[in-house]
Amino acid sequence: MEALQSLQALSAKLREDRDRKGYFAAYLSRYALRLRDAVAAAEFEQSARAERVCVSAVQRYLENTAIFQQGGRPISSWDYALAASRDTWLVVAQHILLGLNAHLNLDVGSAVASACPPEELPGFRSDFEKLCGVHQAVMEEVWTELGQLWPAFAAAGPVLRGAGPTLLRFRLPRAFEQAWRLAQELSGLKAAARGPVLDRYNQTTRQLAEVIRHPGVLNVPLMSVRLIERGDIAETIELIQPP
């Protein structure tokens, strides 16, 4: 997977630079590796298509990140998530959730639409749910490992992991459903007709990013978690990304 190699190289560079953008890059590297293994183990009904979706979504992330790193303005949801890496008061989980918000709500749905002709989209639903299951498993692993490093993070886990109702308002099941709805709306549309649909989804995704970054009454307890996060940025990136 060439995209995986590029993703791992980006994560390594961000780790070397002690750049908080590396938190999500490391998470996505872990996900892509896990998906590659699942494809090799024939866990998908349409393995080649599942891999194409993953590669296409990763490439969208890499493209937006490259635009940002070169001083340009990527799509606003990614621009906001990447710019938040300069915010020293966000906890590691918020950086990851900001990346997941843009990736799942925009990149994955677009990738599914590109990989599936309209008439074949319904038949990909079960494999799409397996793709989502890999994300759920990786998030649980990362949250558990961060909780072992920082006990206060473990205590905040039910709020931060996004698996159920949360004041951060980001929930994985809801993001998965939005990705599928986006795929349904984009599927069959010509490139020129996709812009307005993507703009609409980007607007709602960008609004959710604001809540993830500024969660109101959770600001104070999250600051408390941030104060006890030990280790430097590079060490945390290394923890999130597997060898």
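Here, every reference points to the structure presented above.
Cut-offs applied
- Residues numbered from 1 in each chain as written.
- Predicted model: local features only at pLDDT ≥ 70, side-chain atom pairs only at ≥ 80, totals over all residues.
- Heavy atoms only, no water.
- Phe/Tyr/Trp six-rings, centres within 6.5 Å; stacked < 30°, edge-to-face > 60°.
- Helix = DSSP H or I, 4+ residues; strand = E, 2+ residues; numbered from the N terminus.
- Buried < 20%, exposed > 50% of the residue type's maximum accessible area, 1.4 Å probe, protein only.
- Arc of directions from axis to C-beta.
- Contact = heavy atoms within 4.5 Å.
- Axes fitted to C-alpha atoms, helices over the stretch in contact; angles between N-to-C directions.
- Parallel < 35°, antiparallel > 145°, perpendicular 65-115°, else oblique.
- Left-handed = near helix turned anticlockwise from the far one by under 90°.
- Nonpolar A, V, L, I, M, F, W, Y, C, P; charged D, E, K, R; others polar.

Caption draft 1: The arrangement of the packing of aromatic side chains in detail. The tally for this structure, following the rule as stated, stands at five aromatic pairs. With 6.0 Å between their ring centres and 20° between their planes, Phe24 and Tyr27 make a pair best called stacked. Of this pair, Phe24 and Tyr27 both sit in helix 2 (residues 21-40), three residues apart, roughly one helical turn. An identical accessibility class is assigned to Phe24 and Tyr27; each is buried. With a centroid separation of 5.4 Å and 75° between ring planes, the pair formed by Phe24 and Tyr61 is classed as edge-to-face. Of the two residues, Phe24 is situated in helix 2 and Tyr61 in helix 3 (residues 47-69); the sequence distance between them amounts to 37 residues. Given a relative accessible area of 4%, Phe24 falls into the buried group.

Caption draft 2: Structural context of helix 11 (residues 233-240). For helix 11, the complete set of buried residues consists of Ile233, Ala234, Thr236, Ile237 and Ile240. Taken down its axis, helix 11 places every buried residue within 165° of arc, on the same side. Each element contacted by the buried residues of helix 11 is listed here: helix 1 (2-16), helix 2, helix 5 (92-115) and helix 6 (125-149).

Caption draft 3: Spatial organisation of the packing of helix 2 against helix 3. Interaxial distance between helix 2 and helix 3 falls to 10 Å at its minimum, and their mutual angle equals 165°. Regarding the angle of helix 2 to helix 3, the classification is roughly antiparallel. Crossing hand, helix 2 versus helix 3: left-handed. Contacts from Lys21, Phe24, Ala25, Leu28, Tyr31, Ala32, Leu35 and Val39 of helix 2 reach helix 3 at Ser47, Ala50, Glu51, Cys54, Val58, Tyr61, Phe68 and Gln69. When grouped by side-chain class, the residues that make up the contact of helix 2 with helix 3 number 12 nonpolar, two polar and two charged.

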